[in-house]
Amino acid sequence: MDQEVRTGTRGGRLSRLFADPRNYQISVLSSLILLGLFHYSFHLPWWHVVGCIGATLTTQAVADKIIKRPFDPRSPLISALSLTLLLRTGSVTLSIAAGVIAIASKYLIRWHGKHIFNPANFGLVIMSLVFGAAWISPGQWGQATLFALLLLALGGVVTGKAKRWDVSLSLLGFYSALVFGRALWLGDPLGIPVHQMQSGALLIFAFFMISDPKTTPDSRLGRVLFAALVATVGFSIQFAMYNAAGIILALILCAPIVPLIDRLLPAGRYQWPTMFTLKGDSHETLTPAE
Amino acid sequence: MKLSHLLSSALALGVIATASTANAFCGFYVAKAGTDLFNESSKVALVRDGDRTVITMANDYQGDLTEFAMVIPVPTAITREQVHISDPALLKHLDAYTAPRLVEYFDKDPCSPQIMYKNMRMRGAVPAPVAEMMMTDRAESLGVTIEDEFTVGEYDIQLLSATQSDGLMTYLDENGYQVPEGANRILGSYIKQDMKFFIAKVNLEEQSKTGNEYLRPIAVAFESPKFMLPIRLGTLNARGDQDLFVYALTREGQVETTNYRTQKIPTGQELPVYIKDEFPDFYKSMYKTAAKRDGGHGVFMEYAWNMGWCDPCAADPLSREELQELGVFWLDQNGNETRKMRRPSPAQNVFVTRLHVRYDAKSFPEDLKFKTTGNTENYQGRYVLRHAFDGEMKCEAAKDYKAMVNERLDKEVKTLANLTDWDRKDIWDDIEDAGVGTKFEIKDKSDDRGPTWWKDMWGDK
């Protein structure tokens, strides 16, 4: 399934480059980091970024060596970029630890050949729960980034390369139904749920974290159900337990249910369309890779 | 006693002010040189650790005491023991300690050396609130329960819970409050969120006993996972923008808003020295410009520091007794040490964050929600003046020095214009008028590093 890689010459370099959703995601996440650094003046020292990327790449390389699988730097790079975007800490050691924990979870916590947790989500939650010196800043993106994010994310949908757009859109759909429903029940003006839906952190989560094809259910119906579940749990944590990072916690809580959903609603396992080569060009995957 | 208006000392906590109380908050503390920057501002100290919150609301109300009352939605029921009347000096001190500061440095004689510096703080604050009570039966028939009522200090306080907003509106109305239009909906929302209502009026008899002209701040302690400030009621009748200062005291580190972006106020810039007498104007314009770049409103962090020290100090750090009075309940584990010293004193496990919020109903539709982070990085709004050496200079180095000072002034003017949106021409005029920190005349043209006529034409003037 889902194999529509164009490796012919007609597509040109750019479409070859974006044949793999990971390449697209890496470019978008990097742009967001630059936006955060230069426009929103995030406190993000470069050595934290380097430390986190180094940690994820090294962990992946070592783990791949042990299980004798070809090394592909793109997935760990995405995890590192997501961590950099969402995890705030003043300590480079914690940045590195987050990277190691994120990638290690991928190899250690598995079920039927599929890892359970989204690595960045796992690293993010564990670090912020265990260490006081690491935290999630849900407000750091403010509201103004809405258009930029939507454009980028929709770009992903339009190019059809972000294969899990269905989970992103369902999550936002269910979540907005809940916050608008809450506002109607409370008699609040609609400005409030609109404001809540504009949260930059929510949009980044929807388009760049929960959409990870490796940890979402295999079937489309399963993904929609999963999105509904994450939205409901996230909404409850946010509004009944008053934790602003509700949606991020919801993903880690709901992830263990994915194997069950896959069992009830089986479908083909997702495989990344291309494999990484050092020659610069990606080519079609022949064997399942991760 | 007939209370004709419903308003609040701390707009922050969801205060309703009617249009006729337009001057309710005009009584901002006036320090010399017009440092009352943000009148109509509210000041709130928030002590937070785990689920425990102690909130102290300053009260600047200076109108007729019979006209004053406040309504604050609170997350839990409050009893007599949980309410405390605080000392206005505390919030003033907190304000002074955390205020954005101006620092001056004096250049050494380029022909021989020396240094000194001093600092100026910017402003202060004042407090005071009010109260009365009513018949339980009538309240119950309206679905309003008077959970508790008591007098503390000069305030008569009632804690209400309600089952529906109409009843609550009627109750408030019958008790002489003019509840503004639109409040019904907001009260209804709070009722459904299981919030209680803390209402306070001035007890005139008790007030006269205190002998004070002003009303003292009310402090309330409670336990709730909600870490928020209800600002919605306060935006109902607001005439334009409102300013709110939150002084958050925690054990772990900085406090930030989770549903709005917390930004840092620009800091560390060097400014022309005439700003010394214009600092309030400067700061006001700079804040406005910073907010304008983000749509006119925002949450700005002006100060974040470990309470054990400061550098430079706009005021001494708060004493242990003061912190305890504000509700910092975890001090005990720290031994008895107090620090009265000015700078490096025994570090205390209290971290203060000063947030300056400018908001209106449209850009801040939702109540403020906060979060304590583990970020213990110190931050302060600090602005620097560098005085040129003004004695006689008779050495070779003086020429270079003067050219350097002139260049520095060009840069300072640009910085100032950029921060405040002031016109550069006006700034140069002001410098000229003030007669301080003007450019050095460099007589010998050959010493001026070449001709400058293009500068006169297009330069910084």
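See the structure shown above.
Everything in this summary refers to the structure shown in the same document. Being a predicted model, the structure only gives us computed values, none of them experimental.

The rules behind these values
Residues numbered from 1 in each chain as written. Chains lettered and ligands numbered in written order. Predicted model: local features only at pLDDT ≥ 70, side-chain atom pairs only at ≥ 80, totals over all residues. Heavy atoms only, no water. Helix = DSSP H or I, 4+ residues; strand = E, 2+ residues; numbered from the N terminus. Buried < 20%, exposed > 50% of the residue type's maximum accessible area, 1.4 Å probe, protein only. Areas by Shrake-Rupley, 256 points an atom, 1.4 Å probe, with all protein chains shown as cover. Contact = heavy atoms within 4.5 Å. Salt bridge = Lys/Arg side-chain N within 4 Å of Asp/Glu carboxyl O. Polar contact = N/O pair within 3.5 Å; in protein donor to acceptor, adjacent residues only side chain to side chain. Core = buried A, V, L, I, M, F, W, Y, C linked by side-chain atoms within 4.5 Å. Domains from an automatic or database assignment. Pairing = 2+ DSSP bridges. Axes fitted to C-alpha atoms, helices over the stretch in contact; angles between N-to-C directions. Buried area = accessible area lost by both parts, 1.4 Å probe. Nonpolar A, V, L, I, M, F, W, Y, C, P; charged D, E, K, R; others polar. Phe/Tyr/Trp six-rings, centres within 6.5 Å; stacked < 30°, edge-to-face > 60°. Lys NZ or Arg CZ within 6 Å of the ring centre and 35° of its normal. Expected span 1.5 Å × (residues − 1). Patch = residues over 30% accessible without salt bridge, like charges linked within 9 Å, V, L, I, M, F, W, Y side chains within 5 Å. Lys, Arg positive; Asp, Glu negative; His and termini not counted. Charge placed at Lys NZ, Arg CZ, Asp CG, Glu CD. Disulfide = S-S within 2.5 Å.

1. Describing the overall build of chain A
A count of helical and extended segments in chain A gives 13 helices and six strands. When burial is assessed residue by residue, chain A has 54% of its 290 residues classed as buried. Accessible area for chain A stands at about 12600 Å²; split by element, carbon and sulfur atoms hold 70% of it.

2. Regarding the overall build of chain B
When helices and strands are counted, chain B shows ten helices and 20 strands. Each of the 461 residues in chain B was classed as buried or not, and the buried ones make up 57%. Counted over contacts in chain B with a minimum sequence separation of 6, partners at least 24 positions apart contribute 80%. Surface exposure of chain B reaches about 19000 Å², of which carbon and sulfur atoms provide 47%.

3. Things to note about the pattern of salt bridges
In total, this model carries 27 salt bridges over all chains according to the counting rule given. One salt bridge in this structure joins Arg69(A) and Asp64(A), with 2.9 Å as the shortest N-O distance. Notably, a salt bridge pairs Glu154(B) with Arg216(B), separated by 2.6 Å at the nearest N-O pair. Of this pair, Glu154(B) sits in the loop between strand E7 (144-152) and strand E8 (155-162) while Arg216(B) sits in the loop between helix H5 (204-210) and strand E10 (218-223), and the two are 62 residues apart along the sequence. In the salt-bridge network here, residues are joined through shared partners; they are Arg22(A), Asp72(A) and Arg74(A).

4. So, the side chain of Thr353(B)
All names here are of chain B. Tracing the chain through its elements places Thr353 in strand E17 (residues 351-359). By relative accessible area, which is 0% here, Thr353 ends up buried. Within polar-contact distance, the side chain of Thr353 engages the backbone nitrogen of Val255 at 3.1 Å. Discounting chain neighbours no more than four positions away, the residues touching Thr353 are Val246, Tyr247, Ala248, Gly253, Gln254, Val255, Met301, Tyr303 and Ala304.

5. Quick notes on the nonpolar core
Phe198(B), Ile218(B) and Phe282(B) are the most contacted members of the largest nonpolar core, which totals 68 residues. If one sorts the elements of this core by residue count, helix H6 (residues 279-292) of chain B sits on top with seven residues. Lining this core are residues from two domains, each supplying at least three of them: domain 1 (1-38 + 59-86 + 128-239) and domain 2 (87-126 + 240-461) of chain B. Formed by 67 residues, the second largest nonpolar core is a distinct cluster that contains Leu32(A), Leu124(A), Leu202(A) and Cys254(A).

6. Some remarks on the environment of Leu249(A)
All names here are of chain A. Relative to the helices and strands, Leu249 resides in helix H12 (residues 246-254). Using a relative accessible area of 15% as the deciding quantity, one classes Leu249 as buried. A sequence separation of 15 residues divides Leu249 from Gly234, and the C-alpha atoms of the two residues are 6.9 Å apart. Leu249 has contacts with Val125, Ile237 and Asn243, leaving out every residue within four places of it along the chain.

7. A short note on the sheet that holds E8(B)
All names here are of chain B. With antiparallel pairing, four strands are arranged side by side in an open sheet as E3-E9-E8-E7. Here the strands that pair on one side only, and so sit at the sheet edges, are strand E3 (69-74) and E7. The mean angle between the axes of side-by-side strands here comes to 20°, regardless of whether they run parallel or antiparallel. Where E3 meets strand E9 (residues 196-202), six bridges bridge the pair, whose relative direction is antiparallel. Opposite Val71, over in E9, you have Ile199 as the bridge partner.

8. Digging into the interface of chain B and chain A
Contact residues are listed per partner, giving 22 residues for chain B and 27 residues for chain A. Regarding the contact of chain B and chain A, the summed buried area is about 2100 Å², with carbon and sulfur atoms giving 53% of it. For the interface between chain B and chain A, the tally reads one salt bridge. Note that Asp188(A) and Arg232(B) form a salt bridge whose closest N and O atoms lie 3.0 Å from each other. The interface formed by chain B and chain A holds eleven residue pairs in polar contact (both at pLDDT 80 or more) in total. Listing elements by their share of the side of chain B that touches chain A, those giving two or more residues are helix H4 (183-192), strand E13 (255-257) and strand E18 (368-372) of chain B. Here the side of chain B that touches chain A takes four residues from H4(B), the largest share from any one element. Looking at the side of chain B that touches chain A residue by residue, the class counts come to three nonpolar, nine polar and ten charged.

9. A short note on the sheet that holds strand E11 (residues 228-229) of chain B
Residue and element names in this part refer to chain B. In spatial order, the strands read E11-E18-E13; together these three strands make up an open sheet with antiparallel pairing. Unpaired on one side and paired on the other, E11 and E13 mark the two borders of the sheet. Bridge count between E13 and E18: three bridges; the pairing is antiparallel. Looking at the pairing, Thr257 lines up with Phe370 of E18.

10. Let's talk about the packing of aromatic side chains
Residues and elements named next belong to chain B. Tallied over the entire structure, the rule returns 18 aromatic pairs over all chains. A centroid spacing of 5.4 Å and a plane angle of 70° characterise the contact between Phe282 and Tyr383, whose relative ring orientation is edge-to-face. Separated by 101 residues along the polypeptide, Phe282 in helix H6 and Tyr383 in strand E20 (residues 382-387) bring together distant segments of the chain. A relative accessible area of 0% means that Phe282 is categorised as buried. Taken together, the ring pairs connect Tyr97, Tyr303, Trp305 and Trp309 into an aromatic cluster. If you follow Arg52 out to its NZ or CZ, it ends over the ring of Phe329, 4.9 Å from the centre. Over the aromatic face of Tyr190 sits the side chain of Arg232, whose NZ or CZ is 6.0 Å from the ring centroid.

11. Details of helix H3 (residues 46-67) of chain A
All names here are of chain A. Between its terminal C-alpha atoms H3 stretches 32 Å, which fits the 32 Å expected from 22 residues at 1.5 Å a residue. Buried within H3 we find His48, Val49, Gly51, Cys52, Ile53, Ala55, Thr56, Thr59, Gln60, Ala63 and Asp64. The elements touched by buried residues of H3 are helix H4 (74-86), strand E1 (87-89) and helix H5 (92-108). Once H3 ends, the next one or two residues include Lys68, with phi positive near 55°.

12. Observations concerning unusual backbone geometry
For Tyr242(A), which is not glycine, the phi torsion reads 60° and is therefore positive. Relative to the elements of secondary structure, Tyr242(A) occurs in the loop between helix H11 (220-240) and H12.

13. As for the pairing of strand E2 (residues 52-57) of chain B
All names here are of chain B. Burial runs high along E2: five of the six residues are buried. Direction of pairing for strand E1 (residues 41-49) relative to E2: antiparallel, over a ladder of six bridges. Residue pairing across strands places Val47 opposite Val54, the latter belonging to E2. The antiparallel pairing of E1 with E2 creates a hairpin that spans two residues between the two strands, and Gly50 there sits at a positive phi of about 60°.

14. Some remarks on a negative patch on the surface
Residue and element names in this part refer to chain B. Taken together, the side chains of Asp277, Glu278, Asp281, Asp423, Asp426, Asp430, Glu432 and Asp433 make up a negatively charged region of the molecular surface. Looking at the negative patch element by element, the count peaks at four residues for helix H9 (residues 424-434). Tracing the backbone shows Asp277 in the loop between strand E15 (270-271) and H6. With a relative accessible area of 65%, Asp277 lands in the exposed category.

15. Things to note about the state of the cysteines
All names here are of chain B. Enumeration over the complete set of coordinates arrives at two disulfides over all chains. Two residues share a disulfide in this structure: Cys111 and Cys395, whose sulfurs sit 2.1 Å from each other. Negative torsions about the S-S bond denote left-handed disulfides, and the value of about -80° found for Cys111 with Cys395 makes this one left-handed. Taken as a pair, Cys111 in the loop between strand E5 (101-106) and strand E6 (117-120) and Cys395 in the loop between E20 and helix H8 (396-420) lie far apart in primary sequence, 284 residues in all. Of the residues examined, Cys111 reaches a relative accessible area of 32% and is grouped as partly exposed. Between Cys310 and Cys313 runs a disulfide, and the two sulfur atoms are separated by 2.0 Å. Residues Cys310 and Cys313 are joined by a disulfide whose S-S torsion is about 95°; by sign, that bridge is right-handed. Look at Cys310 and you get buried, because its relative accessible area is 0%. A relative accessible area of 3% places Cys313 in the buried class. For chain B, numbering the cysteines in disulfides from first to last along the sequence yields the connectivity 1-4, 2-3.

Purely geometric numbers; function is a separate question.
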